[in-house]
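An overview of the molecular structure
Each chain is listed here by its residues.
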Amino acid sequence: MSKSHKIVSEFNLAGQFFGFILKDGYQPKMLRLNTNSGEYWIKVPKELRGDLVRAELYNQLKPGDRIQVNGQSIRSMKNGTIKLVADRVQLPTNHFSPIYPTSQPSAPPTMPCTVAATCNQQSPQQKKCSILVCGKSDCRKRGGEEIAIALEEQLQELGLGDRVQIKKTGCMSRCKQAPNVVVMPDKTRYSGLDVAEIPELIEKHFPVTAMT
């Protein structure tokens, strides 16, 4: 009978969310948690990544928020190292906006967009407006990379590069409608976007006259 070289126990930590350690530039691999006893890096298993990414996208999880993480502490008997793996992450209770439902129609809302006005009112110290582009493989294969490049070029051409940031994200759970884009902060989602539609999208959400 082989001997176990690991000791597994449960942990329960509460503290401030400091952000993610990313894999491939967009996929959360580790969660940074600052507690009274120091900072911990906690591995995020695949089954939790999608929910955490969506929570961050829709401002339900921001750096500085207090969260609680439960999981397994795995101690190696060989070298004494300890690896923490999350089983459950309790998000802040002060955010009431739900995670964007996967059953939501792919067409963008018809309500008036206020992104341009919001960006225009921001001070340099405040967070930029952003366009989130799914960076997962299905979206990349269906033109996500070209969409990100076209958005960046169009924003630079209109002089909006310092006002609007392009961010690649993890899976948005709409792989069949790829590529997927979300305009923040109003959370307008576009699925199956084509490069030819980029100028119209920019004009709708970031009209130059409102941004200057």
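It should be emphasised that the depicted structure is a prediction, and the values quoted were computed from it without experimental measurement.

Before going further, it helps to examine the pattern of salt bridges. Applying the stated criterion to the full structure yields two salt bridges. A salt bridge links Glu39 to Arg32; the nearest nitrogen and oxygen atoms lie 2.6 Å apart. Owing to a relative accessible area of 36%, Glu39 belongs among the partly exposed residues under this scheme. Relative accessible area serves as the criterion here: at 25%, Arg32 is assigned to the partly exposed category. One salt bridge connects Lys168 with Glu145, and the closest N-O pair in it is separated by 2.6 Å. Of the two residues, Lys168 is situated in strand 7 (residues 164-169) and Glu145 in helix 3 (residues 137-157); the sequence distance between them amounts to 23 residues. Looking at Lys168, the relative accessible area reads 39%, which means it is partly exposed. On the accessibility criterion, Glu145 (32% relative accessible area) is partly exposed.

Backbone hydrogen bonds are what pair the strands of a sheet, in a parallel or an antiparallel way. Ordered in space as 7-6-8-9, the four strands form an open sheet in which the pairing is mixed. The open sheet terminates on both sides in strands that have one partner only, identified here as strand 7 and strand 9 (188-191). Here the average twist between neighbouring strands, direction ignored, is 20°. Of the strand pairs in this sheet, strand 6 (residues 129-134) and strand 7 are connected by six bridges, and their pairing is parallel. The residue of strand 7 that forms the bridge with Cys134 is Thr169. Each of strand 6, strand 7 and strand 8 (180-184) is contacted by helix 3, which is oriented at about 165° to strand 7, the strand it contacts most. Along the sheet face, helix 4 (residues 198-205) touches strand 6, strand 8 and strand 9 and points at about 175° away from the line of strand 9.

Before going further, it helps to examine the packing of aromatic side chains. For the structure on display, the rule yields one aromatic pair. Ring centres of Phe17 and Phe20 lie 5.1 Å apart, and the angle between their planes is 65°; this geometry places the pair in the edge-to-face category. For the pair Phe17 and Phe20, one class covers both residues: buried.

One closed barrel holds the five strands; their spatial order is 1-2-3-5-4, and the pairing between them is mixed. For this sheet the average axis-to-axis angle between neighbouring strands, irrespective of direction, equals 55°. Pairing analysis gives seven bridges linking strand 1 (residues 6-23) to strand 2 (residues 27-35), with the strands arranged antiparallel. For Gln16, the partnering residue across the bridge sits in strand 2 and is Asn34.

We now examine a positive patch on the surface. Taken together, the side chains of Lys6, Lys23, Lys29, Lys43, Lys46 and Lys83 present a region of like positive charge at the surface. Relative to the helices and strands, Lys29 is located in strand 2.

One can find Asn70 in strand 4 (residues 66-76). In contact with Asn70, not counting residues within four places along its chain, are Phe11, Asn12, Val85, Ala86, Asp87 and Arg88.

Time to look at helix 4. Of the positions making up helix 4, those classed as buried are Ile198, Leu201, Ile202 and His205. With its buried residues spanning 95° around the axis, helix 4 presents them on a single face. The outward face of helix 4, more than 90 degrees from its buried face, is lined by the exposed residues Glu200 and Glu203.

Procedures and definitions
- Residues numbered from 1 in each chain as written.
- Predicted model: local features only at pLDDT ≥ 70, side-chain atom pairs only at ≥ 80, totals over all residues.
- Heavy atoms only, no water.
- Salt bridge = Lys/Arg side-chain N within 4 Å of Asp/Glu carboxyl O.
- Buried < 20%, exposed > 50% of the residue type's maximum accessible area, 1.4 Å probe, protein only.
- Helix = DSSP H or I, 4+ residues; strand = E, 2+ residues; numbered from the N terminus.
- Pairing = 2+ DSSP bridges.
- Axes fitted to C-alpha atoms, helices over the stretch in contact; angles between N-to-C directions.
- Contact = heavy atoms within 4.5 Å.
- Phe/Tyr/Trp six-rings, centres within 6.5 Å; stacked < 30°, edge-to-face > 60°.
- Patch = residues over 30% accessible without salt bridge, like charges linked within 9 Å, V, L, I, M, F, W, Y side chains within 5 Å.
- Areas by Shrake-Rupley, 256 points an atom, 1.4 Å probe, with all protein chains shown as cover.
- Lys, Arg positive; Asp, Glu negative; His and termini not counted.
- Charge placed at Lys NZ, Arg CZ, Asp CG, Glu CD.
- Arc of directions from axis to C-beta.

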